[in-house]
Amino acid sequence: DAKTTQPPSMDCAEGRAANLPCNHSTISGNEYVYWYRQIHSQGPQYIIHGLKNNETNEMASLIITEDRKSSTLILPHATLRDTAVYYCIVRGGSGNTPLVFGKGTRLSVIA
Amino acid sequence: GAGVSQTPSNKVTEKGKYVELRCDPISGHTALYWYRQSLGQGPEFLIYFQGTGAADDSGLPNDRFFAVRPEGSVSTLKIQRTERGDSAVYLCASSWGGASIDEQFFGPGTRLTVL
């Protein structure tokens with residue numbers, strides 16, 4: 001079973017920041033938080049991951065709370081092409097473990 | 001560069017038939033994963049290869065499902081005596097396999113429909 005909880009859907013106006021929350025209250029010390037997204041009819045795409053520090057790349061920012069029990073993915077300027085299902089995944093830090101997907105959050109970016 | 005490719009993109013078969021789904025990972029990636037995605041659900045893990053060997057096959061639903069990767073590159077997922085419940089999108093992913101936090105790159109999937 002997925003170790004994360006996400007809202008099933010969210011809307012965001014085009015050009016505004018999209019903030020997608022994720023709860024992972026049972027995360028253990030060596031587990032990372034990963035975010036993937038899946039655009040309709042495509043395979044999932046990696047976005048970002050982090051352990052305890054906030055992370056930023058060209059796609060998004062990841063904010064992890066100090067107690068690591070929740071995190072927020074931020075898309076700073078959402079576009080219509082960001083409409084997708086976003087998955088928050090907790091994954092062990094040792095070995096190439098499989099990804100355990102939940103149902104994710106369906107983000108709809110509206111013009 | 002070339003990403004993960006999967007063939008066929010669509011496969012329609014009849015109940016009871018045998019099917020093979022192919023995955024070509026990114027060149028040099030030693031880790032390869034198969035997932036299955038039913039409508040409205042997130043992908044579900046099936047099997048993971050490190051090189052030629054199956055490192056974890058705990059996600060295979062039953063013995064009708066089998067996968068191979070004989071030369072450590074291309075992998076084939078084989079389903080015997082297909083059932084209507086096997087209808088899903090089958091996704092393949094690969095990663096470098098050298099570090100514990102490697103990003104997985106996914107292919108576009110094969111949509112299997114069992115009539």
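Refer to the structure printed above.
Residues numbered from 1 in each chain as written. Chains lettered and ligands numbered in written order. Predicted model: local features only at pLDDT ≥ 70, side-chain atom pairs only at ≥ 80, totals over all residues. Heavy atoms only, no water.

Engineer: It is not clear to me how the interface of chain A and chain B should be interpreted in this structure. Could you clarify?
Structural biologist: Interfaces are often sized by the accessible area lost when the parts come together. Facing the 22 residues of chain A at the interface are 23 residues of chain B. Here chain A packs against chain B, burying approximately 1,700 Å² in sum over the two surfaces, 49% of which is carbon and sulfur. In this assembly, chain A and chain B are joined by four residue pairs in polar contact (both at pLDDT 80 or more). Residue assignment for the side of chain A that touches chain B shows that the elements contributing at least two residues are strand S3 (31–38), strand S4 (45–50) and strand S8 (84–92) of chain A. Tallied by class, residues from the side of chain A that touches chain B come to nine nonpolar, eleven polar and two charged. (Contact = heavy atoms within 4.5 Å. Buried area = accessible area lost by both parts, 1.4 Å probe. Polar contact = N/O pair within 3.5 Å; in protein donor to acceptor, adjacent residues only side chain to side chain. Helix = DSSP H or I, 4+ residues; strand = E, 2+ residues; numbered from the N terminus. Nonpolar A, V, L, I, M, F, W, Y, C, P; charged D, E, K, R; others polar.)

Engineer: Help me understand the sheet that holds S3(A), please; the structure alone is not making it clear to me.
Structural biologist: The strands that make up a sheet are held in pairs by hydrogen bonds between backbone atoms, and each pair lies either parallel or antiparallel. All names here are of chain A. The strand order across the open sheet built from five strands is S1-S9-S8-S3-S4, with neighbouring strands paired in mixed fashion. Each edge of the sheet is formed by a strand with only one pairing partner; in this case those strands are strand S1 (9–13) and S4. Averaged over all adjacent pairs, the angle separating strand axes in this sheet is 25°, with direction ignored. Bridge analysis of S3 against S8 gives eight bridges, and the strand direction is antiparallel. (Pairing = 2+ DSSP bridges. Axes fitted to C-alpha atoms, helices over the stretch in contact; angles between N-to-C directions.)

Engineer: How should I be thinking about the nonpolar core in this particular structure?
Structural biologist: Burial of nonpolar side chains together is a common tendency in soluble globular proteins. Residue and element names in this part refer to chain A. Core analysis: the biggest nonpolar cluster contains 21 residues, and Trp35, Leu73, Tyr86 and Leu107 have the highest contact counts within it. Counting only elements with at least two residues in this core, the list comes to strand S2 (18–23), S3, S4, strand S6 (61–64), strand S7 (70–75), S8 and strand S9 (105–110). With four residues, the top contributor of residues to this core is S8. The contacts of Leu107, once residues within four sequence positions are left out, are Met10, Asp11, Cys12, Ala18, Leu20, Leu75, Asp82, Thr83, Ala84 and Tyr86. (Core = buried A, V, L, I, M, F, W, Y, C linked by side-chain atoms within 4.5 Å. Buried < 20%, exposed > 50% of the residue type's maximum accessible area, 1.4 Å probe, protein only.)

Engineer: I tried to follow the sheet that holds S2(A) on my own but got confused; where do I start?
Structural biologist: Residue and element names in this part refer to chain A. Strand order in the open sheet formed by four strands is S2-S7-S6-S5, and the pairing between neighbours is antiparallel. Each edge of the open sheet carries a strand with a single partner, namely S2 and strand S5 (55–56). Where S6 lies against S7, four bridges are found, and the strand directions are antiparallel. Residue pairing for S7: Ile64 is matched across the bridge by Ser71.

Engineer: Would you mind showing me how to read the pattern of salt bridges here?
Structural biologist: Side chains carrying opposite charge are able to pair once their charged atoms draw close together. Residues and elements named next belong to chain B. For the structure shown, the criterion picks out six salt bridges over all chains. Among the ionic pairs, Arg22 bridges to Asp24, the shortest N-O distance being 2.7 Å. Relative accessible area serves as the criterion here: at 38%, Arg22 is assigned to the partly exposed category. Residue classification places Asp24 among the partly exposed residues on the basis of a relative accessible area of 22%. Note that Asp86 is salt-bridged to Arg64, the shortest N-O span being 2.8 Å. Placement of the pair is Asp86 in the loop between strand S8 (75–79) and strand S9 (88–95) and Arg64 in the loop between strand S6 (53–56) and strand S7 (65–68), with a sequence separation of 22 residues. A single burial state applies to Asp86 and to Arg64, both of which are buried. (Salt bridge = Lys/Arg side-chain N within 4 Å of Asp/Glu carboxyl O.)

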